[in-house]
Amino acid sequence: AGSPKSFAAIVNGTVSQDPEVRAAAAEALRKYPSKEALDVATKLASDPSVEVREAALSVLARREEPEAHVILEHAADHDPSDVVRSFARSALGR
């Protein structure tokens, strides 16, 4: 797991205007097993950017919490992007 200072920097990255920065920040959440990281990834799963949503779902796919599974299910069925829906279905083993 990363440090609290690093986590704060990642959270700052998730609100960047640049979707590439938000996607990188989402990917970095993998290092943090905390509830706070889960909450941030959940929020990013509805980001306007396809890349950010896919990165957030990749984090959620590694989580055991039921709420992570619920977000993946929702994305698999309702995300506007074919790419994201396909990724979520794959993560769910569909």
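Relevant structure appears above.
Our focus in this paragraph is the overall build of the protein chain. Counting its secondary structure elements, the protein chain contains six helices and zero strands. Its helices and strands in sequence order give the protein chain the pattern α-α-α-α-α-α, from N to C terminus. Taken over the C-alpha atoms alone, the protein chain extends approximately 35 × 30 × 15 Å along its principal axes. Per-residue burial for the protein chain yields a buried fraction of 40% across its 94 residues. Across the protein chain, the fraction of contacts at a sequence separation of at least 24, relative to all contacts at a separation of at least 6, is 52%. Entry remark: accessible area of the protein chain is about 5300 Å², with carbon and sulfur atoms responsible for 55%.

Moving on to the packing of helix α5 (residues 66-78) against helix α6 (residues 82-91). Between α5 and α6, the shortest axis-to-axis distance is 7 Å and the interhelical angle comes to 135°. Taken as axis vectors, α5 and α6 run oblique relative to one another. As α5 packs across α6, the resulting crossing turns out to be left-handed. Residue-level inspection shows Leu-72, Ala-75, Ala-76, Asp-77 and His-78 of α5 in contact with α6, the latter providing Arg-85, Ala-88, Arg-89 and Ala-91. For the contact of α5 with α6, the per-class residue count stands at five nonpolar, one polar and three charged.

Residue placement: Tyr-32 occurs in the loop between α2 (19-28) and α3 (35-44). Taking the relative accessible area as the measure of exposure, Tyr-32 reaches 7% and is therefore buried. In this structure the C-alpha to C-alpha distance between Tyr-32 and Pro-4, which are 28 residues apart in sequence, comes to 9.5 Å.

Calculation criteria
- Residues numbered from 1 in each chain as written.
- Predicted model: local features only at pLDDT ≥ 70, side-chain atom pairs only at ≥ 80, totals over all residues.
- Heavy atoms only, no water.
- Helix = DSSP H or I, 4+ residues; strand = E, 2+ residues; numbered from the N terminus.
- Buried < 20%, exposed > 50% of the residue type's maximum accessible area, 1.4 Å probe, protein only.
- Contact = heavy atoms within 4.5 Å.
- Areas by Shrake-Rupley, 256 points an atom, 1.4 Å probe, with all protein chains shown as cover.
- Axes fitted to C-alpha atoms, helices over the stretch in contact; angles between N-to-C directions.
- Parallel < 35°, antiparallel > 145°, perpendicular 65-115°, else oblique.
- Left-handed = near helix turned anticlockwise from the far one by under 90°.
- Nonpolar A, V, L, I, M, F, W, Y, C, P; charged D, E, K, R; others polar.

Worth remembering: the numbers are spatial, not functional.
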